[in-house]
Amino acid sequence: MSNIALISEIPHRRQEDAWLEANREEAFDTIRELIDSKDTWLQAAESLLLMLPRLVNHPDFKRWGRLTEYAFKHSPYFLTNGFDGKPTIEFASDFVFQKSEAPKQLPTKTIRRKRILTHHTQVLEIYLIILVGKYFNRTSALDADLIQEIIEFARSINQPDLNAKLYQVLAYIYMYREVGDKTVRLGELSYHYYVPLNNHLEAAQSAYVVALGYQIKKDYQQCIHWANIAADEFARTNYRSQYCSTSLLTSSTYIYIEDYESGIQWAEQGLNEAHLLQSDHYSGYANIYIGLSQTYLKNWAEAEKHLLKAREHFEVNNNIEELAHLELNIAFLEAKRRDFNDAKQRLNAVLETFNQMPESGWKDQMVASAHRLFDHIEADTVDLIRPSSS
């Protein structure tokens, strides 16, 4: 029978050696049961993420390794062998991360007893995929102790390629939490590992997250520099989806530095690539960046056309965050062209939507932006709004 009370103690007591040894077996059985239900899979995965680094040197690690494989096979992304950037977009956008083939002979198994994995390297590999599924969002609280435990876990296995992948994964996790310094530092570590190996896809993924980190830090020239590096690396692969996203990242950065014509040009390039990919997600954001640039240029008709086109794309997937962000941009257009009543009504509606979302740094930023726009409308200072302050 599942001991949910025990599971709830894991985040706070897993570092106590005596508690861990006394409760390890019951925790194993409970996690195993939770994995079987899609309603409790995430709770089981979170418990595994917390427990596994503490058990890497334990004699029972092989069994926990098999449990990790079992969790992966019941995960929402097992059928795509990790994250392939298409059907798993709700978990990790278009991040590429796949489980490699198992070696023909696992070092910890004999030829006579081939079963599911127990090799530490593959356990870590699947662990990182589950880590991505848990933390590639803005809402899951990040445990600083867990990060250190994961790094020590990876070092104990001593697989350089997976260590670099871990740095890259952590960079993306910090990026989602708007922590620019750690995003840049970890992304650069990963990038400098992959470049000498001519691993262009991983180098591109690493450079891209570094660019995002510099945008968070408001160092826009470095952001554009690293986005160009990412685009060059992506161009040397056959994976085109993230190449589209570098165009959109560059577009948004030019908007921040108030070069709206360049923002439009890069967004139009991203829009063309998004159409080739048949991506409503990217098409929506490309139209937002064009619409936002046209708003600052006071081309009201063009701005409205592209913002409404973005809505058409976002409504396909009905992503509440994307739609709320879009409505905030439409309210900004209405305020800039002095349709103040319409803008305030839309802001009230979008604030209600934000209130229904889980807490996150991104939500706080969006709510603050909405209130700032309200204040500018009341003070009749909308014309003073700049991208860096909105």
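Since we're looking at a predicted model, the values are computed, not measured.

Here the focus is the overall build of the protein. The helix and strand inventory of the protein stands at 18 helices and two strands. By residue count, 54% of the 390 residues in the protein fall in the buried class. In the protein, of all internal contacts separated by at least 6 residues, the share reaching a separation of at least 24 is 63%. Counting every atom, the protein has about 18,100 Å² of accessible surface; 48% of that belongs to carbon and sulfur.

Interhelical geometry of helix α6 (residues 120-135) versus helix α7 (residues 144-157) gives an angle of 155° and a closest axis separation of 10 Å. Taken as axis vectors, α6 and α7 run roughly antiparallel relative to one another. Crossing of α6 against α7: the hand is left-handed. Residues H120, T121, V123, L124, Y127, L131 and Y135 of α6 form the contact with α7, whose participating residues are L146, I150, F153, A154 and I157. A breakdown of the residues in the contact of α6 with α7 according to their chemical character gives ten nonpolar, two polar and no charged.

Here the structure, examined in full by the defined rule, presents eleven aromatic pairs. Taking 5.1 Å as the distance between ring centres and 80° as the angle between the ring planes, the aromatic pair formed by Y191 and W226 counts as edge-to-face. Taken together, the residues span a long stretch of sequence, with Y191 in helix α9 (residues 180-194) and W226 in helix α11 (residues 220-235) at a distance of 35 residues. Take Y191 and W226: they sit in the same class, and that class is buried.

A separate point is unusual backbone geometry. Residue E178 is not a glycine yet carries a positive backbone phi of 60°. Among the secondary structure elements, E178 is positioned in the loop between α8 (160-176) and α9. Residue N198 is not a glycine yet carries a positive backbone phi of 55°. Looking at where N198 falls in the secondary structure, it is placed in the loop between α9 and α10 (200-216). On the basis of relative accessible area, N198 is assigned to the exposed category, the value being 53%.

Attention now moves to the nonpolar core. Core analysis: the biggest nonpolar cluster contains 76 residues, and I35, W64, L131 and F153 have the highest contact counts within it. Of the residues forming this core, the biggest block, eleven residues, is contributed by α8. W64 has contacts with R24, A27, F28, I31, L48, M51, L52 and L55, leaving out every residue within four places of it along the chain. In terms of nonpolar packing, the next biggest core, distinct from the first, is built from 44 residues, L307, A310, L326 and F332 among them.

Turning our attention to the packing of helix α3 (residues 41-51) against α6. With their axes 10 Å apart at the nearest point, α3 and α6 run at an angle of 125° to one another. Compared by their axis directions, α3 and α6 come out oblique. Remark: the crossing between α3 and α6 carries left-handed chirality. Mapping the contact onto sequence places W41, L42, A45, E46, L48 and L49 in α3 and Y127, I130, L131, K134 and Y135 in α6.

For the coordinates displayed, the defined rule picks out 25 salt bridges. A salt bridge links R24 to E21; its shortest N-O distance comes to 2.8 Å. Of this pair, R24 and E21 are both found in helix α2 (residues 17-35), three residues apart, which corresponds to roughly one turn of the helix. Judged by relative accessible area, which is 9%, R24 ranks as buried. The class for E21 is partly exposed, based on a relative accessible area of 43%. A salt bridge links K309 to E312; its shortest N-O distance comes to 3.3 Å. Of this pair, K309 and E312 are both found in helix α15 (residues 300-317), three residues apart, which corresponds to roughly one turn of the helix. A residue is classified by how much of its surface remains accessible, and E312, at 46% relative accessible area, is partly exposed.

End to end, α8 covers 25 Å across 17 residues, agreeing with the expected 24 Å (1.5 Å per residue, within 8%). Across the 17 residues that make up α8, a large majority, 14, are buried. For α8, the capping residue at the N-terminal end is Q159, with a side-chain oxygen 3.0 Å from the backbone nitrogen of D161. The positive-phi residue at the C-terminal boundary of α8 is E178, with phi of around 60°.

Moving on, we come to the side chain of K363. Relative to the helices and strands, K363 is located in helix α18 (residues 361-379). Within the structure, K363 has its side chain in polar contact with the side chain of E359 (distance 2.9 Å). Setting aside anything within four residues of it in sequence, one finds K363 in contact with F354, N355, M357 and P358.

Our focus in this paragraph is the environment of L42. Position of L42 among the secondary structure elements: in helix α3. Given the relative accessible area of 41%, L42 is considered partly exposed. C-alpha separation for the pair L42 and G133, spaced 91 residues apart in sequence, amounts to 8.8 Å.

Summary statistics for the protein give a mean pLDDT of 86 and a share of 86% for residues scoring 70 or more. pLDDT under 50 marks residues 81-94. Its contacts with residues more than four places away, or in other chains, come to 45 contacts. A low-confidence stretch, residues 102-117 stays under pLDDT 50, and its non-local contacts, those more than four residues away or across chains, total 26 contacts.

Cut-off values and rules
Residues numbered from 1 in each chain as written. Predicted model: local features only at pLDDT ≥ 70, side-chain atom pairs only at ≥ 80, totals over all residues. Heavy atoms only, no water. Helix = DSSP H or I, 4+ residues; strand = E, 2+ residues; numbered from the N terminus. Buried < 20%, exposed > 50% of the residue type's maximum accessible area, 1.4 Å probe, protein only. Contact = heavy atoms within 4.5 Å. Areas by Shrake-Rupley, 256 points an atom, 1.4 Å probe, with all protein chains shown as cover. Axes fitted to C-alpha atoms, helices over the stretch in contact; angles between N-to-C directions. Parallel < 35°, antiparallel > 145°, perpendicular 65-115°, else oblique. Left-handed = near helix turned anticlockwise from the far one by under 90°. Nonpolar A, V, L, I, M, F, W, Y, C, P; charged D, E, K, R; others polar. Phe/Tyr/Trp six-rings, centres within 6.5 Å; stacked < 30°, edge-to-face > 60°. Core = buried A, V, L, I, M, F, W, Y, C linked by side-chain atoms within 4.5 Å. Salt bridge = Lys/Arg side-chain N within 4 Å of Asp/Glu carboxyl O. Expected span 1.5 Å × (residues − 1). Polar contact = N/O pair within 3.5 Å; in protein donor to acceptor, adjacent residues only side chain to side chain. pLDDT = per-residue confidence, 0-100.

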